[in-house]
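What follows is the residue order along each chain.
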Amino acid sequence: MSEVSGTGSTEAPAPAGDQLVVLDNVNKHFGALHVLQDIDLTIHRGEVVVVIGPSGSGKSTLCRTINRLETIDSGAISIDGKPLPQEGRELARLRADVGMVFQSFNLFAHKTVLENVVLGQTKVRRTDKAAAEKKARALLDRVGVGTQADKYPAQLSGGQQQRVAIARALAMDPKVMLFDEPTSALDPEMINEVLEVMQQLARDGMTMVVVTHEMGFARSAANRVVFMADGRIVEEAEPNQFFNNPRSDRAKDFLSKIL
Ligand code: ADP
Ligand code: MG
């Protein structure tokens, strides 16, 4: 926290790609709790947005609205220019365009690693089995677990399971990947192997929304940091600006507790 930001600008840099995910004045309640409040957020193609903020601030809910695991009460969300569909096959296709990786891996326990990565391709994308397997093996190699293809998830370490979950999401050729605290359930020695896969994805140009407490990742991989508190986006800035020179008292307070 010693450096001072060069420009003193409070604006996030102009991103390169076009608008891929747009949330326009999104509001959501859980009963009396106003969990997302007037959320305006645009994610550009190729951009890596890291979402941080205290527990309970609405980060997971925000992610879940983007692939409609949660409905919204008002506002609008569009992906690649199309409004979020409500249901049916359109929704299934949308979900395939939006890869999601959770804290708790969520692999199918009774399917092998390979089958986990094949399944969505054959069911949702209608890829034939041989092509799906070929792609699954290539993706498992890419995330460094190619030799584990015939094992079951429980036979793998947490870090390996999470890398399988990333491969499974990538198998659908998503337009954007959402990561909700992907390393929070991992033993410390396994965090880096997952972050490295994510770093590589970012370098390869994947559009990513990453909820994380890994500030090293945020500093090195993010184009933009979005800071949430109490259901609102309190501050958005490029990482150096945010970490070295946060504007809001909420962000200063949060950073003082975690850095
Ligand atoms: P974060 O991911 O930032 O910790 P969440 O989005 O999980 O925050 O939760 C935001 C708030 O919404 C919390 O107060 C949480 O208890 C509440 N919440 C989350 N999911 C539900 C739900 N399904 N029903 C009721 N309240 C919920
Ligand atoms: Mg959460």
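Named according to an unreviewed UniProt entry, the chain is ABC-type polar-amino-acid transporter originating from Streptomyces benahoarensis. The annotation that UniProt attaches to the chain under Catalytic activity (unreviewed entry) is "a polar amino acid(out) + ATP + H2O = a polar amino acid(in) + ADP + phosphate + H(+)". One UniProt comment on the chain, placed under Subcellular location (unreviewed entry), says "Cell membrane".

Colleague: Tell me about the side chain of Gln 161, and please be specific about residues and values.
Modeller: Within the secondary structure, Gln 161 sits in helix α5 (residues 158-170). Residue Gln 161 is classed as buried on the basis of its relative accessible area, which comes to 14%. Engagement of the side chain of Gln 161 in a polar contact is seen with the backbone oxygen of Pro 153, the distance being 3.2 Å. Setting aside anything within four residues of it in sequence, one finds Gln 161 in contact with Phe 105, Leu 107, Pro 153 and Leu 156.

Colleague: Describe a positive patch on the surface, listing the residues and the values that go with them.
Modeller: Residues Arg 89, Lys 111, Lys 123 and Arg 126 make up a contiguous surface patch of positive charge. Mapped onto the secondary structure, Arg 89 falls in helix α2 (residues 88-97). The exposed category is assigned to Arg 89, whose relative accessible area is 69%.

Colleague: A description of the packing of aromatic side chains should follow, citing residues and the corresponding values.
Modeller: Counted by the stated rule, this structure contains three aromatic pairs. Centre to centre, the rings of Phe 227 and Phe 242 are 5.9 Å apart; their planes meet at 35 degrees, and the pair counts as tilted. You can see Phe 227 sitting in strand β9 (residues 224-229) and its partner Phe 242 sitting in helix α8 (residues 239-244), a full 15 residues away along the chain. Of the residues examined, Phe 242 reaches a relative accessible area of 0% and is grouped as buried. A centroid spacing of 5.3 Å and a plane angle of 80 degrees characterise the contact between Phe 242 and Phe 243, whose relative ring orientation is edge-to-face. In this pair, the class of Phe 242 matches that of Phe 243, namely buried. The ring of Phe 108 is capped by Arg 168, whose NZ or CZ atom sits 5.1 Å from the centre of that ring.

About the thresholds
Residues numbered from 1 in each chain as written. Chains lettered and ligands numbered in written order. Predicted model: local features only at pLDDT ≥ 70, side-chain atom pairs only at ≥ 80, totals over all residues. Heavy atoms only, no water. UniProt positions renumbered as here; feature names shortened; annotations may be inferred. Helix = DSSP H or I, 4+ residues; strand = E, 2+ residues; numbered from the N terminus. Buried < 20%, exposed > 50% of the residue type's maximum accessible area, 1.4 Å probe, protein only. Polar contact = N/O pair within 3.5 Å; in protein donor to acceptor, adjacent residues only side chain to side chain. Contact = heavy atoms within 4.5 Å. Patch = residues over 30% accessible without salt bridge, like charges linked within 9 Å, V, L, I, M, F, W, Y side chains within 5 Å. Areas by Shrake-Rupley, 256 points an atom, 1.4 Å probe, with all protein chains shown as cover. Salt bridge = Lys/Arg side-chain N within 4 Å of Asp/Glu carboxyl O. Lys, Arg positive; Asp, Glu negative; His and termini not counted. Charge placed at Lys NZ, Arg CZ, Asp CG, Glu CD. Phe/Tyr/Trp six-rings, centres within 6.5 Å; stacked < 30°, edge-to-face > 60°. Lys NZ or Arg CZ within 6 Å of the ring centre and 35° of its normal.

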